[in-house]
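The residues making up each chain are set out below.
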Amino acid sequence: MSNDTLTHSVTFTEAPAALTVVVDPTPQIARGSAVIVERRRPKAAGWSLLQGLGVVVDHWRKSFRKLDDPTQIAGTFTTEYPEERLPLPEAYRNMPILLFDDATGHELCTSCFQCQRICPPQVIHMTQAKDPETGKPVPAVSEFIIEYDACMSCGFCAEVCPFDAIKMDHDFELSTANHPSLTVHKAGLLRPVSYYQSIAPTFWAEAEASAYKKLEANKKRRPASIGIAPQMIEQVKAAHELRDDQQEADSPPAPVAIAPALDAGRAATPATASAAPAASDGDLPTDKAARLAAIRARNEAKKAAEQAAPAQAQPAAEGAATALTTPDAPLTDALPAASERTAPPAPATPDAPLDEKAARLAAIRARNAAKKAAQAEEE
Amino acid sequence: MYDVVDFLLNTQLGLNSPDWVVMLISHLVVVGMLFAVAPLQVLFLTYYERRAIARMQDRVGPNRVGYEGLLQPVADGVKMFTKEDIVPDSADKIVHLLAPIVAAAPVLYMFAVLPWGPNMIAVDLPTGLLFFFAISSISTVGLLMAGWASNNKFALLGAMRAVAQVVSYEIPALLSLLFAVMFAGSMSLMAIVEAQGGLFISTTDVPSVPDLGLGWFVFTPVGFLAFVCFFIAALAEGERTPFDIPEADSEIVAGYMTEYSGMKFAMFYLAQYILNFLLCAITATIFFGGWQGPGVAWLVSQSLSADNPAGNPVYNVLAGMLGTFYLLAKTYMFFFVMVALRGAFPRLRIDQLMNFGWKFLIPLTMINILSAALWIAITRWGTAQGFGIIEFAGEPGNLVRWVIAFAVTLVINVAAYWFLARLNVQDHAARQAALTAGGLAVSPPRSA
Ligand code: SF4
Ligand code: SF4
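Residues numbered from 1 in each chain as written. Chains lettered and ligands numbered in written order. Predicted model: local features only at pLDDT ≥ 70, side-chain atom pairs only at ≥ 80, totals over all residues. Heavy atoms only, no water.

Chemist: Just checking my understanding: could you explain the pattern of salt bridges for this structure?
Modeler: Any two side chains of opposite charge can pair, given that their charged atoms come close. Evaluation of the coordinates by the stated rule reveals 15 salt bridges over all chains. A salt bridge links Asp351 of chain B to Arg349 of chain B, with the nearest nitrogen and oxygen atoms 2.8 Å apart. Note on Asp351 of chain B: relative accessible area 33%, which makes it partly exposed. Each of Asp58, Arg61 and Lys62 of chain A takes part in one network of salt bridges that share partners. (Salt bridge = Lys/Arg side-chain N within 4 Å of Asp/Glu carboxyl O. Buried < 20%, exposed > 50% of the residue type's maximum accessible area, 1.4 Å probe, protein only.)

Listed below in structure tokens is the structure:
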């Protein structure tokens, strides 16, 4: 209706080719030129009122169509929120959350207080963890509180964190009748890294390498189970107990059984395969750790040997399992037999040394040797 | 209804009740039905308006409560009931309480004379049209009471505006309806509807036209102009945008309703929506044939009545249903136009409203009455009435007279519209010029 009663004549003060531009729906207007849109005045009084009414009725008619192209000017574009949701952009930020490593349960936060200092409304509060024996501070938080009700979602905390430990969440449905529940404690703030990876994959891909590097360094300075996410403590303990039990029963496949379980969340990270077992070291009582390290080193050596064997297609875990089908055969006996086929025999440690440091060293050395052997074999 | 009750009580049950009992029962049933229909209409209209205007604004509107939000008005009603009723300390308590009642009660009376279908009317008053508008004006007293009793300047301003507006738009509304009285020769709304049988040409003018129930008055130039004028006046009476000046929420909070809450507020709301419904219904009745429509006349001719004792009572029911359907369809169509107007136009200023009413609508409707008189003279009068200039014998003569009347009134009405519009535009331009020239905001002498 409005189209045939309105005429738009576009006149350019400079461009003489204005007439051709008129047909173009998106005319390029040169800088500095004026565009005069002339509307023919309706002859009959009250006609323009009908035109206005026509526009409204036109919108009503077209509103039964869903607006899918933003260039259309009429049509419903409502998203029926609880049922339909718009995809949130990766950079969307609502409330800050803390991250922990899926595999080991270690929190990425080191209690450096950077976020607390920068937070404009001062809603972050934390207590640094202390070594229960020495009383010295360790790089981990024992309690971390964010007052969600006063947080202004500025994201400064996530920007400033040198350890990529605090990130902005996408969850915005926080309304509650229980006001105190908006003061969120550490257990409520912690999310696994895999969760953040799922909501912001590219951001995490950028941060991942340095975050894990720093985490590895920090883990070494955290005694016992300090710095492990509370929700992960049970899981990690269970895993360790399982390993201890198996170790006491002198059954070597412990790492094979535990490592995949723990590693599930970190499957995407390339460096996990060997890092994960080592990562668990710090949380175990030291004498046990030493013994464990030795056993693990032996196992790896064996694995390497197994992989190098003609039956190379067999997965490592399976290989280890087949080696175990002969439980009567002492481990020390089985090992050389397997190693015989590899060119440089892996130096196996027959017994766990009592000295802790020596044990670790031995373990590392054994592992390296085994790896090297495996590589050589593959080449 | 009298017939139905009489049939049930005396013929079927054999109670032999006296006449007055049948009369009383039938009236009570009708009144009960109407009082049930009125609030239901309001519930539906609020939902209808919200959904329709939402669509006009590219939104969806309330669609959560019940299927597609149909229960939304019920939820709103429940909310209204549970709200606290606050009476201002300095208010005149009794008048404050009475005001919503005085505003809402008269509009329910207006249902009494509205014809819903063939023979479906509560009271077929011979002065139905007059009664309808006389009663509707009483509502205004309620508005003034509300504004006065609230002891609030916004409320008083709103009430004053409401009275000024309703009083000045009552005149064009009634003047524009006079033509229908002339055409039908009666003030009874039933008679006005019955005069609109035919097919584009009313059977009252040309009796040989097939009666399809489409001989609506709006198809004549007189009726069309009257329709436009009346609908504008009806918007002002129903306080609809662009004439919602009495409750202009951006200027005076909510006008006379400012100090009302809870159910008392809902009463005003109810009164307003019933009034809007009735104004739409009366527009449909007077200009668009009311319950007239294709098929109704045939159903009526088949139905049981005093003239046709062999008829089938099923056709009575069918005729009533079809008639009611036509009336409601037309009414909702006009309500849709009201909603579209609300979506399209901004609110007028009070002086613009007055100018428009007194300088444009009233003269126009007066000229329309002249046209209506000419129409009657040309189509119906003969030498006996002293107007035998145009007289043709026989059936084609009626049609020729109709064509002549159509042409004459069309010319008169178009010329009147054009002339008055031009005068008003000039007047407006002159006042605008005076204002921009730094002059006082008084109306300057009209430029020739
Ligand atoms: S988002 Fe901003 S306000 Fe919220 S905790 Fe982080 S720094 Fe503080
Ligand atoms: S969240 Fe980041 S910035 Fe805040 S204390 Fe922990 S490591 Fe430091």
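Chemist: Which parts of the structure should I look at to understand the site of ligand 1?
Modeler: Cys119, Cys151, Cys154, Gly155 and Cys157 of chain A are the nearest of the 14 residues found near ligand 1. Grouping the amino acids of the shell around ligand 1 by side-chain chemistry returns twelve nonpolar, two polar and no charged. (Near = heavy atom within 4 Å. Nonpolar A, V, L, I, M, F, W, Y, C, P; charged D, E, K, R; others polar.)

Chemist: Would you mind going over the nonpolar core with me for this structure?
Modeler: Generally speaking, a soluble globular protein has its nonpolar side chains buried in company with each other. By size, the foremost hydrophobic cluster in this structure holds 90 residues, and its most contacted members are Phe179, Ile286 and Phe287 of chain B. Sort the elements by how many residues they give to this core and helix α10 (residues 262-287) of chain B lands first, with 13 residues. Among the domains, domain 1 (1-79) and domain 2 (83-364) of chain B are the pair contributing at least three residues each to this core. Apart from the residues lying within four places of it in its own chain, the contact partners of Phe287 of chain B are Leu177, Phe179, Gln196, Trp216, Phe217, Val218, Gly223, Ala226, Phe227 and Phe230 of chain B. With 41 residues, the next largest nonpolar core counts Ile97, Leu99, Cys109 and Val123 of chain A among its residues. (Core = buried A, V, L, I, M, F, W, Y, C linked by side-chain atoms within 4.5 Å. Helix = DSSP H or I, 4+ residues; strand = E, 2+ residues; numbered from the N terminus. Domains from an automatic or database assignment. Contact = heavy atoms within 4.5 Å.)

Chemist: Explain the pairing of strand β4 (residues 124-130) of chain A to me, please; I cannot follow it from the model alone.
Modeler: Regular strands place their side chains on alternate faces of the sheet. All names here are of chain A. Of the strand pairs in this sheet, β4 and strand β5 (residues 137-147) are connected by six bridges, and their pairing is antiparallel. Residue Ile124 lies in a different strand from β5, and its bridge partner there is Ile146. Taking the residues that link successive antiparallel strands as the turn, the β4-β5 hairpin has six residues, and the phi of Gly135 there is positive, at about 75°. (Pairing = 2+ DSSP bridges.)

Chemist: Help me out: how do you make sense of the packing of helix α5 (residues 128-149) of chain B against α10 of chain B in this one?
Modeler: Any two packed helices are characterised by the angle at which their axes cross and by the distance between the axes. Residue and element names in this part refer to chain B. Where α5 meets α10, the closest approach of the two axes is 12 Å, and the angle between their N-to-C directions is 160°. One element, α5, and the other, α10, form an angle in the roughly antiparallel class. Between α5 and α10 the crossing geometry is left-handed. Contacts between α5 and α10 involve Leu129, Phe132, Phe133, Ser136, Leu143 and Ala146 from the first element and Phe268, Leu275, Leu278, Leu279, Ile282 and Ile286 from the second. Tallied by class, residues from the contact of α5 with α10 come to eleven nonpolar, one polar and no charged. (Axes fitted to C-alpha atoms, helices over the stretch in contact; angles between N-to-C directions. Parallel < 35°, antiparallel > 145°, perpendicular 65-115°, else oblique. Left-handed = near helix turned anticlockwise from the far one by under 90°.)

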